[in-house]
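The residues making up each chain are set out below.
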Amino acid sequence: MTLWTPLYDREGGTVALRAEVSAALESPLREWLYSALRRPTGEVWRRVALRCDLVLGMPDGGDESEEADYEAAIAYGVPAEQLLEVVDAALDLLPVPVSLPLVPARQADDPPLDRKAARLVAMASVGELLTQHRTVSRAPLQQLLDDARSRYTVRADGRALVARVDPALARALQAAVESGEQPERGSASEHLREAFERAYALTPDPVKAFSEAIKAVECAAHATLQPNHRRATLGTMLGEMPKLASGLVFEIEGADPSHGVEMVRLMMKQLWDGQSSRHGKQDLTRKETEAQAVAAVHLAATLVQWFSSGAIRQA
């Protein structure tokens, strides 16, 4: 979705996204959270409180003889700077709406059901309605974040908040994920998807994102570079590539066909050498930064797409 851009941003050519919860967003965001926490059964509020380390007292000065409204204590009690963290934790626990009906609609020309079958269909329909009643729509939350021009958006599966990505970059990443969904590319898609989610999470995990990016390339390149080496890594593949260079081709030949293969090797080497936290050593371990992790994810996406599509392949 393309965000609405304010007049002065349109004139200046930039769109300012807000990392914090603005004063205008705070109140409706708290209302959505309160409504969402009250919808399902199972005291979701208790798990949200534990995940976010919230110590809840009796809301509104109530006593133990009254039924405490802990959902309100969370939604309206947490400070504004922690509100997105709480929403993020809740999204992972709140049931997601079912997109397809569980019981197919009966047609006019269908044969009549016997009593037992009719009862089972009725019970299934009631169960489906109850399930849908407890689910929490993410659409109102998404609308709030969009209108407030928040830096964060609801993740595609509805279970977390993630930083917004340029639509063109998001499509490129998704194309790389889809290209890696081949048996011979192992878990390349899963690792790339995990790398993306870790790099763009509300609280990013750069070390994990970088590690998953490397694993994605290892899976995608294994069948091309070292199919008979069961314990191959990006490091062993890099060591093997000079021996394989004459037998590899890159889709774009250029003036010298070997230049394309060498470019791929250097990209892999940059990813491998760039992971400074992989091993312990005498010097202090330097962890990857958020910017490095984001760059690694997009570099890995390109490599995954090239190996999976055959752009780099055995001659």
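Nothing here was measured: the structure is a model prediction, and the numbers come from that model.

**Some points on the environment of Val297**
Note on placement: Val297 falls in helix α13 (residues 290–309). Taking the C-alpha atoms as reference points, Val297 and Ala216, separated by 81 residues in sequence, lie 9.3 Å from one another. For Val297, the residues in contact, after removing those within four places along its chain, are Leu173, Leu192, Ala195, Phe196, Ala199, Ala209 and Ala213.

**What to know about the packing of aromatic side chains**
Taken as a whole and judged by the stated rule, the model has four aromatic pairs. A ring pair is formed by Trp45 and Tyr70, whose centres lie 4.4 Å apart and whose planes are at 15 degrees; its orientation type is stacked. Of this pair, Trp45 sits in helix α3 (residues 44–51) while Tyr70 sits in helix α4 (residues 70–77), placing them 25 residues apart in sequence. The partly exposed category is assigned to Tyr70, whose relative accessible area is 22%. Centre to centre, the rings of Phe196 and Tyr200 are 5.0 Å apart; their planes meet at 40 degrees, and the pair counts as tilted.

**Re the nonpolar core**
Core analysis: the largest hydrophobic core is formed by 80 residues, its most contacted members being Trp32, Leu33, Val48, Ile74, Leu225, Met268 and Phe307. When near neighbours in sequence (up to four residues on either side) are disregarded, Leu225 contacts Met237, Glu240, Met241, Leu244, Leu248, Met268 and Phe307.

**Structural notes on helix α7 (residues 139–147)**
For α7, the set of buried residues is Leu141, Gln142, Leu145 and Asp146. Around the axis of α7, the buried residues are gathered within 135 degrees of arc, so they sit on the same side. In α7, the exposed positions angled more than 90 degrees off the buried face are occupied by Ala139 and Asp147. Check the buried side of α7 and you find it contacts α2 (23–38), α5 (83–93), β1 (152–154) and β2 (161–163). Of the residues one or two after α7, Arg149 is the one with positive phi, at around 55 degrees.

**Observations regarding the layout of surface pockets**
A volume near 900 Å³ is recorded for the largest pocket. Around the largest pocket, the lining comprises 27 residues; the ones closest to its centre are Thr153, Arg164, Val165, Ala170 and Phe196. Put simply, the parts of the chain that give the lining of the largest pocket at least two residues each are α7, β1, β2, α8 (167–179) and α9 (188–199). Looking at which element gives the most residues to the lining of the largest pocket, the answer is α8, with five residues. Classifying every residue of the lining of the largest pocket gives 15 nonpolar, five polar and seven charged. In this structure, the second largest pocket encloses a volume near 400 Å³. Lining the second largest pocket are 18 residues; nearest its centre among them are Asp88, Arg155, Ala160, Ala201 and Thr203. Elements that contribute at least two residues to the lining of the second largest pocket include exactly α5, β2 and α9. The element that contributes the greatest number of residues to the lining of the second largest pocket is α5, accounting for four residues. Classifying every residue of the lining of the second largest pocket gives seven nonpolar, one polar and 10 charged.

Thresholds applied
Residue numbering note: each chain is counted from 1, following its sequence as written. Local features in this predicted model are restricted to residues whose pLDDT is 70 or higher, and side-chain atom pairs enter the listing and the counts only when it is 80 or higher, whereas totals over whole chains, interfaces and linings include all residues. Hydrogens and waters are ignored; side-chain quantities use all the structure's heavy atoms. Going along the chain from the N terminus, every DSSP run of H or I of four or more residues is numbered as a helix, and every run of E of two or more is numbered as a strand. Note on contacts: a residue pair is in contact if any heavy atoms of the two residues lie within 4.5 Å. Stacked, edge-to-face and tilted labels apply to pairs of Phe, Tyr and Trp rings (six-membered ring for Trp) whose centres lie within 6.5 Å, assigned for plane angles under 30 degrees, over 60, and everything in between, in that order. Note on classification: 1.4 Å probe, protein chains only; a residue is buried when its accessible area is under 20% of the maximum for its type, exposed when over 50%, partly exposed between these limits. By convention a nonpolar core is built from buried Ala, Val, Leu, Ile, Met, Phe, Trp, Tyr and Cys residues, the set being connected through side-chain atoms within 4.5 Å. Of all possible arcs, the one meant is that of the directions from the helix axis to the C-beta atoms. For each structure, a 1 Å grid was placed over the protein atoms alone; sets of points admitting a 1.4 Å probe that cannot get out are labelled cavities, open sets with protein on both sides within 12 Å along at least five of seven lines are labelled pockets, and lining residues have an atom within 4 Å of a point. Grid points are joined across faces, edges and corners, and a volume is the space filled by probe spheres set on the points. Following the grouping adopted for this structure description, the nonpolar residues are Ala, Val, Leu, Ile, Met, Phe, Trp, Tyr, Cys and Pro, the charged ones are Asp, Glu, Lys and Arg, and the polar ones are all others, Gly among them.

All quantities given are derived from atomic positions and should not be read as evidence of function.
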